[in-house]
Amino acid sequence: MLEFIQLLKQRYQTVSSHTASDAVKAVYQQRIDRQILAEASIRKADMHKRFTFQPLQVAVVGPTQAGKSTLVNLLLNSSQAGVSPLAGFTVHAQGFCNAVKLEDCESVQHFFGRFQQVRQDELRKDRLECYALTENIGASDLLPECLVWDTPDFDSIGAIGYSEALMRSIALADIVILVVSKEKYADQSVWELMSSIETLRQPTLICVNKLAEGSEHIVIRSLTEKWRQSRSDDCPTIVPLFYQKQTAPTWPENERSAVRKLFRQVNRRRNNEVVQEFLLKHWQEWLEPVRAEHMALQEWRSLVDASIKQSLTQYQNDYLNHPRYYETFQSALAKLLSLLEIPGFARVLVGTRKALTWPIRQVMKIGMKRSRITDSSHEVALLNHLAEHLLIRIMDALLEKTEQNGDSAWWRGGIGLLRNRRHALLAEFNDAVLRYHNDFQQEVESAAFRLYAKLQEQPYVLNGLRATRATTDAAAVAISLQAGGLGLHDLIIAPAMLSVTSFLTESAMGSYLNKVEAELKQRQLQIVRQKLYIECLREALFKLPEQLSSDSYFNITPEQLEQAEQQLKNKKHGLRLL
């Protein structure tokens, strides 16, 4: 599951960086932040399994200029958190160990993974994948033993660049302290964040900073209403911090135990359950564009299958079932005649065969032999013609899909790919057709041998066939065909072949002849469907979407998604830590 969340986050980041729409980027960034939360929460659950000692973690979060660092110093009773009047001053997660030794925080490095732990004075704004840990030199009576995290803001212009540090800090936290000012507490960004982390069930405290005395009741009432609009749980304790011109704010005496009370609410045994709830809450939303691509892929495959079915129907009508153009069975009859031993003509036919094929054999020696079967075949020409029309039909359908779908980037990409690959696809198909046509001659010969064997069982028909003058002429035509001097189409309309075909059809061989022809057609259709349309065209067209730019599309396969959903469904806590 962890690997899949990381893959999904990476694809969102890549696609978002290549999207022109600011609205889409904003939506995707929110989803990326939540995926970082999910990834970090899974790491946190794994961290608690691996390490025995786990100090309690407190994350102080808030918008720009709310006073997060000031509050951290107040809680720690020190001045170690850097304070600045400039917005976006804190861009790293900075942890302060209160009554905890640095050597006892090994688990934090495991949690932060690729982030590097450095000293506080080594943090640089051009190196965002770092965090700092510092021992608190003060003595705090507001906090027990814990790590307090000063976090970056989430609402400034540059917040996208360092949002991962914030999200990781929030996921790590056992307790969240939200700091807002009287100017910022109603900001939409504040409540979007608090809504996002509701499922994590972290005990929370709200501090309202920079208040003027006497205004706290109005602000607290308004803030409470905002909480109820954004979340379904009870509004937490709200601590007012009043503005002090010359000094830092002081913690109210009546709320001195507020933070310690939160620590008693921490329940780490629910970590796996919390992560599963978080994943289930956002799963369908995250996968929306991935499923849209899968639906488009399914439509693409249905379109290809429908086009292939139409093309095969045309192949049957225009070739297999066409009385004028179906040449394959006539070729089988020609081979049958070459098997007949016709008394008195055997030597003549043998001599004729040698004479006719001698020039061809000479050409073969220098590698220039023409393809006597495929050059004149109507079937080869028809199959290539049908393939061209199939691609044209698909292209027309893609253009229609582009017009029908509001978000048609996937279909536009398909049009570009098909245009670029069209000539290569047709060339590959032509090569496959030539291989099929040559290989299928074995099936033709097999049909001829079956007919010859049946004729031997019926001497009357065999002798009658040998007694006709047409048989001799047809045999000569058959030899000419094999020598390359006659086209298959010419064979169909040759008078001698027509006479032989009529003789066999009207004889006792008629029903068997029709049976062999039907079986040959059926076998021919099966091979054309499998070797040409399925293994050649269909597989190539099905793989075409895989070549869509990895920068503009998610390209997460249905198999990857199914595996992730199976993990979420089958595991008791919905996780599989890979």
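Here, every reference points to the structure presented above.
Remember, predicted model here, so these are calculated numbers, not experimental data. (Residues numbered from 1 in each chain as written. Predicted model: local features only at pLDDT ≥ 70, side-chain atom pairs only at ≥ 80, totals over all residues. Heavy atoms only, no water.)

J.: I'm lost on the packing of helix α10 (residues 288–320) against helix α20 (residues 510–543) in this one. Help?
T.: Helix packing geometry: the angle between the two helix axes and the distance between the axes. At a closest axis distance of 11 Å, the pairing of α10 and α20 adopts a crossing angle of 150°. The angle between the axes of α10 and α20 places the two elements in the roughly antiparallel class. Once α10 is placed against α20, the crossing between them reads as right-handed. Contacts between α10 and α20 involve W300, R301, V304, D305, I308, S311, L312, Y315, Q316, Y319 and L320 from the former and K521, Q524, L525, V528, R529, Y533, R538, L541 and F542 from the latter. In terms of residue class, the contact of α10 with α20 is made up of 12 nonpolar, three polar and five charged. (Axes fitted to C-alpha atoms, helices over the stretch in contact; angles between N-to-C directions. Helix = DSSP H or I, 4+ residues; strand = E, 2+ residues; numbered from the N terminus. Parallel < 35°, antiparallel > 145°, perpendicular 65-115°, else oblique. Left-handed = near helix turned anticlockwise from the far one by under 90°. Contact = heavy atoms within 4.5 Å. Nonpolar A, V, L, I, M, F, W, Y, C, P; charged D, E, K, R; others polar.)

J.: What should I look at first to understand the packing of helix α1 (residues 2–17) against helix α9 (residues 271–286) in this one?
T.: Orientation of α1 relative to α9, taken along the N-to-C sense of each, is 40°, at an axis distance of 13 Å. Taken together, the axes of α1 and α9 lie oblique to each other. Once α1 is placed against α9, the crossing between them reads as left-handed. Packed against α1, whose contacting residues are F4, I5, L8 and Y12, the element α9 presents L279, W283, E285 and W286 at the interface.

J.: Would you mind going over the nonpolar core with me for this structure?
T.: In this structure, F112, W149 and W283 are the most contacted members of the largest nonpolar core, which totals 67 residues. With eight residues, helix α2 (residues 22–50) is the single largest residue contributor to this core. (Core = buried A, V, L, I, M, F, W, Y, C linked by side-chain atoms within 4.5 Å. Buried < 20%, exposed > 50% of the residue type's maximum accessible area, 1.4 Å probe, protein only.)

J.: It is not clear to me how the environment of K569 should be interpreted in this structure. Could you clarify?
T.: Summarising the element assignment, K569 is placed in helix α21 (residues 558–570). A residue is classified by how much of its surface remains accessible, and K569, at 62% relative accessible area, is exposed. Between the C-alpha atoms of K569 and Q276, which are 293 residues apart in sequence, the distance is 9.9 Å.

J.: Would you mind showing me how to read the state of the cysteines here?
T.: In a disulfide, the sulfur atoms of two cysteines are held together by a covalent bond. Within the structure shown, the criterion is met by zero disulfides. In this structure C105 is not part of a disulfide, and its nearest cysteine sulfur, from C97, lies 3.9 Å away. (Disulfide = S-S within 2.5 Å.)

J.: Which parts of the structure should I look at to understand the sheet that holds strand β8 (residues 238–242)?
T.: Pairing is mixed in the open sheet, where eight strands are placed in the order β3-β4-β2-β5-β1-β6-β7-β8. A single partner strand is all that each edge strand has here, and the edge strands are β3 (116–118) and β8. The mean angle between the axes of side-by-side strands here comes to 25°, regardless of whether they run parallel or antiparallel. Relative to strand β5 (residues 146–150), strand β2 (residues 93–98) runs antiparallel, the two sharing five bridges. (Pairing = 2+ DSSP bridges.)

J.: Where do I start with the pairing of strand β1 (residues 56–61) in this structure?
T.: The side chains of a regular strand alternate between both faces of the sheet. Of all six residues in β1, five are buried; the element is thus mostly enclosed. Where β1 meets β5, five bridges bridge the pair, whose relative direction is parallel. Across the sheet, the residue bridging to A59 is W149, located in β5. Pairing geometry for β1 and strand β6 (residues 175–181), over four bridges, is parallel. Its bridge partner lying in β6, V58 is registered against I175.

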